[in-house]
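Residue-level structural notes
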Amino acid sequence: EPEVTQTPSHQVTQMGQEVILRCVPISNHLYFYWYRQILGQKVEFLVSFYNNEISEKSEIFDDQFSVERPDGSNFTLKIRSTKLEDSAMYFCASSWTTGGYGYTFGSGTRLTVV
Amino acid sequence: DQQVKQNSPSLSVQEGRISILNCDYTNSMFDYFLWYKKYPAEGPTFLISISSIKDKNEDGRFTVFLNKSAKHLSLHIVPSQPGDSAVYFCAAGVSNAGNNRKLIWGLGTSLAVNP
């Protein structure tokens, strides 16, 4: 069964450093997303991406965050200067259609900022 | 702003019995709803969904009921099995929101099915 792949599974970084979280969505999917879950809190929407541009972003997704689909297969989330409060589980997801069906998540990257 | 609420953080049931997980929402624009299951250290896994044109959707042991007037949905698992022990998330979205298909999530309910 097709799956969304995220790497690395765990990333530890120093505060102020840049990190890039990588995702390979399902190949025929058109819509791409990043969500995050801070420990003990709800899953929060960060950004959606369609047709090589951001469709919507949340208030969490400030200037420190950016997304890219550099080569037609990878979908990356960059945090330019990490803060302690960026520590969370980051989930990539993709979907093939409108309406939310077929929405598949990766297994996540645990980001720890020290 | 909790548009999707799962008021029970945890639920414990005996194997073979029914598990009922509840979810309430406040945004009347939501027209599709999904349930996800999540094990520790894994991403959410899609379980079952329902659109607002239906009031029930069934898939094997899993049934989702939607009560639009009450803005309430529930997930029934019958019979419950120990392997169902996980955190269950309710999520909702708006299908005609252009190219954005973001989901709004509840906090989750941790289900423990005891042998």
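Read on for an overview of the structure. (Residues numbered from 1 in each chain as written. Chains lettered and ligands numbered in written order. Predicted model: local features only at pLDDT ≥ 70, side-chain atom pairs only at ≥ 80, totals over all residues. Heavy atoms only, no water.)

1. Remarks on the side chain of B:Asp31
All names here are of chain B. Position of aspartate 31 among the secondary structure elements: in the loop between β3 (19-25) and β4 (32-38). Taking relative accessible area as the criterion, aspartate 31 reaches 18% and is therefore assigned buried. Those residues within four positions of aspartate 31 in sequence are excluded, and the remaining contacts are Ile50, Ser51, Ser52, Gly93, Val94 and Ser95. (Helix = DSSP H or I, 4+ residues; strand = E, 2+ residues; numbered from the N terminus. Buried < 20%, exposed > 50% of the residue type's maximum accessible area, 1.4 Å probe, protein only. Contact = heavy atoms within 4.5 Å.)

2. Description of the sheet that holds strand β7 (residues 65-68) of chain A
What holds strands together in a sheet is hydrogen bonding between their backbones, with the strands either parallel or antiparallel. Residues and elements named next belong to chain A. Spatial ordering of the open sheet is given by β1-β3-β8-β7, a layout of four strands whose pairing is antiparallel. Edge positions in the sheet fall to β1 (5-7) and β7, since each has one partner strand and no second. Each neighbouring strand pair of the sheet contributes to a mean axis angle of 20°, computed without reference to strand direction. In this structure, strand β3 (residues 19-24) lies alongside strand β8 (residues 75-79), joined through five bridges in antiparallel fashion. (Pairing = 2+ DSSP bridges. Axes fitted to C-alpha atoms, helices over the stretch in contact; angles between N-to-C directions.)

3. Some remarks on the side chain of A:Thr109
All names here are of chain A. Tracing the backbone shows threonine 109 in strand β11 (residues 109-113). Look at threonine 109 and you get buried, because its relative accessible area is 0%. Among the polar contacts made by the side chain of threonine 109, one reaches the main-chain carbonyl oxygen of proline 8 at a distance of 2.5 Å. For threonine 109, the residues in contact, after removing those within four places along its chain, are Gln6, Thr7, Pro8, Ser9, Gln11, Leu21, Ala88, Met89 and Tyr90. (Polar contact = N/O pair within 3.5 Å; in protein donor to acceptor, adjacent residues only side chain to side chain.)

4. What about the interface of chain A and chain B?
Contact with chain A, which involves 22 residues of that partner, is made by 24 residues of chain B. Taken together, the two surfaces of chain A and chain B that pack against each other cover about 1,900 Å², and 60% of this comes from carbon and sulfur. Summed over the shared surface of chain A and chain B, the number is one salt bridge. Among the ionic pairs, B:Lys102 bridges to A:Glu56, the shortest N-O distance being 2.7 Å. Of all elements in the fold, only β4 (31-37), β5 (43-50) and β6 (53-57) of chain A reach the threshold of two or more residues within the side of chain A that touches chain B. Residue classes in the side of chain A that touches chain B are distributed as 10 nonpolar, 10 polar and two charged. (Buried area = accessible area lost by both parts, 1.4 Å probe. Salt bridge = Lys/Arg side-chain N within 4 Å of Asp/Glu carboxyl O. Nonpolar A, V, L, I, M, F, W, Y, C, P; charged D, E, K, R; others polar.)

5. Examining the state of the cysteines
Residues and elements named next belong to chain A. Applying the stated rule across the entire model yields two disulfides over all chains. In this model cysteine 23 forms its disulfide with cysteine 92; the gap between the sulfur atoms is 1.9 Å. Of note, the bridge from cysteine 23 to cysteine 92 carries an S-S torsion of about -65° and is left-handed in sense. With cysteine 23 in strand β3 and cysteine 92 in strand β9 (residues 88-95), the pair connects residues that are 69 residues apart, well separated along the chain. (Disulfide = S-S within 2.5 Å.)

6. Observations regarding the packing of aromatic side chains
All names here are of chain A. Across all of its chains, the model carries 17 aromatic pairs over all chains by this definition. Measuring from centroid to centroid gives 4.6 Å for tyrosine 31 and tyrosine 50, while their planes differ by 15°, and the two rings are stacked. Here tyrosine 50 lies in strand β5 and tyrosine 31 lies in strand β4, a separation of 19 residues in the sequence. Classification of tyrosine 31 as buried rests on a relative accessible area of 6%. Taking relative accessible area as the criterion, tyrosine 50 reaches 23% and is therefore assigned partly exposed. (Phe/Tyr/Trp six-rings, centres within 6.5 Å; stacked < 30°, edge-to-face > 60°.)

7. Brief notes about the nonpolar core
Judged by nonpolar contacts, the single largest core of 25 residues is most densely connected at B:Phe30, B:Phe33, B:Trp35, B:Leu73, B:Leu75 and B:Tyr88. Within the residue set of this core, elements represented by two or more residues are β3, β4, β5 (45-51), β7 (62-67), β8 (72-77), β9 (86-93) and β11 (109-114) of chain B. Among the elements that take part in this core, β9(B) stands out by supplying four residues, more than any other. In contact with B:Phe33, other than residues within four places in its own chain, are B:Tyr25, B:Ile48, B:Ser49, B:Ile50, B:Leu66, B:Leu73, B:Ala91 and B:Ala92. Ranked by size, the runner-up nonpolar core spans 23 residues in total, among them A:Leu46, A:Ile60, A:Leu77 and A:Val113. (Core = buried A, V, L, I, M, F, W, Y, C linked by side-chain atoms within 4.5 Å.)

Purely geometric numbers; function is a separate question.
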